[in-house]
Amino acid sequence: GDSTIGDSDPSLEIISRIKVCVCLKDFEAILSEEFTIDRINERILCNICVKNPTSLLLNEHTIGVYRIEGVENEKCKVMSRQLRHLKERVTKHLNTDYHVERLEVQANIDRENSTRVAKNREIVKKVGSLAYFFLYYKLPFRLFENFLPLFVFNGIDIGQVNHSEHFIRRLIDPCFIELQK
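In short, a report on the structure.

1. Some remarks on the sheet that holds strand S3 (residues 65–67)
(1) Moving on: The strand order S1-S2-S3 describes an open sheet built from three strands, whose pairing is antiparallel. Among the strands making up the open sheet, the edge pair consists of strand S1 (35–38) and S3. Direction aside, the axes of adjacent strands within the sheet are offset by 20 degrees on average.
(2) Moving on: Bridging between S1 and strand S2 (residues 43–46) involves four bridges; their strand directions are antiparallel. Each residue of the ladder has a partner; that of Phe 35, found in S2, is Cys 46.

Quick look at the structure:
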C-alpha cells in the first residue's frame, strides 16, 4: 500500500515510543492503545490488525501477534535480546502493507461511526423538538405519533426510534427540570 492516512504517518510516532521501551512494562505503559499484552498466552497483539483481520488464514506475524516468552526483564535496566528482537519485529509490522491497510479500514469505520452518531443526534433533535412542542403546549401525547408523518411528508428524516408517546413521557422530568432553571 502506497497510501497515507491523514497528513502524517502515525506509525512514526509509535515507532519513536517503541524506541524508549527497555522492558515489557514500558510496552504496556507507552503502547497500551496500539498493542495488548496477553500474559496468559505470552504474546503481544496489534490492536488494529487483530480487530480488523481480512482473513483468519493469515499467519500470526502478519496480523501483528508476537510471542513474548523470555522478553520479560525484571530489572528493567538492561534490555534483553528477546525484547530488542520483539521491538524490531513490531516496528517492521507497523510498516507492513497489511498494517497500513488495517489502519485505513479502522479510519473508515471511525468516520462512518462518527457520521452515524452525528446523523442520529440531528434526528433526535428533530423528534425531540416536536415532543417538546407537545409538552410546552400541553397537547395530548397520543397525538404525537399522528404528527410524525407530517415531518416525513415534508422531507424531514425522523429515523426509526422515539416515535411513540412513551418518548414524550420520558422527557417530562428532564424538560421540567430545565424549565425550572
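2. Describing the nonpolar core
(1) Moving on: Judged by nonpolar contacts, the single largest core of 22 residues is most densely connected at Phe 27, Phe 35, Ile 44 and Leu 86.
(2) Moving on: Phe 27 has contacts with Ile 18, Cys 21, Ser 32, Ile 37, Ile 44, Leu 83, Leu 86, Lys 87 and Val 90, leaving out every residue within four places of it along the chain.
(3) Moving on: Formed by 15 residues, the second largest nonpolar core is a distinct cluster that contains Ile 123, Leu 148, Phe 151 and Ile 168.

Rules used throughout
Residues numbered from 1 in each chain as written. Predicted model: local features only at pLDDT ≥ 70, side-chain atom pairs only at ≥ 80, totals over all residues. Heavy atoms only, no water. Pairing = 2+ DSSP bridges. Helix = DSSP H or I, 4+ residues; strand = E, 2+ residues; numbered from the N terminus. Axes fitted to C-alpha atoms, helices over the stretch in contact; angles between N-to-C directions. Core = buried A, V, L, I, M, F, W, Y, C linked by side-chain atoms within 4.5 Å. Buried < 20%, exposed > 50% of the residue type's maximum accessible area, 1.4 Å probe, protein only. Contact = heavy atoms within 4.5 Å.

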